[in-house]
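Chain by chain, the residues run as shown.
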Amino acid sequence: MRIHENGQVEIDGIDKLILNAFMDNANIPVSQLAKELGISNTAVHQRIKKLETSGIISATKVIINPAVLGYSTMSFVGVFMDKPSSYKLVINALEQIPEVVEAHFTTGNYGIFLKILSRDNLHLMNVLNKKLQQIDGVTRTETIISLEQPIDRQIKL
C-alpha cells in the first residue's frame, strides 16, 4: 500500500483480493483468507489493519434485508429547496426521519436526492406528506418508486 501526496491510496493485488473477499463475505475467517492467498494469518491481519487505518475500510457492518422486515417499497425522492443555504437545516431534519436511508447533495434539478424505504405506498405517502414536505426549506418533492433492484453491489477492485 502506498499513500500519495494528494491522499489517494494505491493498493496492490493482495490488498484487492482481501477487499474483494471481505465485500463478498465480511465474516470470512482470516485463517481461510490467508490459506486462499498463500500468506500468513499475521500478514492478512496487518494488511487489514492498514486498510482500516488508511480509510479504505470504513466500517464492518451487518446489512439487513428491509423487505423481510416489511419495508417492501423503495423510492427515490428529489427535494427542491427554497434556497441552497437551507441545505444544512433540511439535512438535520431529514436525519430525524428513519425511513430516509440515504441523502445526497446533488447537481441538477434537485438540491437533495433521497433514498427512502417504506412498508407500502400508503406509508410512503405519509412520510412524504406528513414528514418530508413539512420541513422548513423544502418547497416540493418528486418521487420515483423502484420496481426492482437488479444490481446491488460495491465497486469491484
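From a predicted model like this one, the values you see are computed outputs, not experimental measurements.

## Focus on the overall build of the protein chain
Link 1 in the chain: What the protein chain contains, in helices and strands, is five helices and six strands.
Link 2 in the chain: Each helix (α) and strand (β) of the protein chain, taken in turn from the N terminus, gives the series β-β-α-α-α-β-α-β-β-α-β.
Link 3 in the chain: A compact globule built from 157 residues should have a C-alpha radius of gyration of about 15 Å, whereas the protein chain, at 20 Å, is more than 25% larger.
Link 4 in the chain: Along the first, second and third principal axes, the C-alpha set of the protein chain runs to 55 × 40 × 25 Å.
Link 5 in the chain: For the protein chain, the proportion of its 157 residues judged to be buried stands at 30%.
Link 6 in the chain: By sequence separation, contacts in the protein chain at least 24 residues apart represent 65% of the contacts at least 6 residues apart.

## With respect to the domain arrangement of the protein chain
Accessible area lost on assembly of the parts is the figure often given for the size of an interface.
Link 1 in the chain: Assigned domains within the protein chain: domain 1 (2-54) and domain 2 (66-145).
Link 2 in the chain: A separation of 36 Å is found between the C-alpha centroids of domain 1 and domain 2.

Conventions adopted
Residues numbered from 1 in each chain as written. Predicted model: local features only at pLDDT ≥ 70, side-chain atom pairs only at ≥ 80, totals over all residues. Heavy atoms only, no water. Helix = DSSP H or I, 4+ residues; strand = E, 2+ residues; numbered from the N terminus. Rg over C-alpha atoms; globule rule 2.2 N^0.38 Å. Buried < 20%, exposed > 50% of the residue type's maximum accessible area, 1.4 Å probe, protein only. Contact = heavy atoms within 4.5 Å. Domains from an automatic or database assignment.

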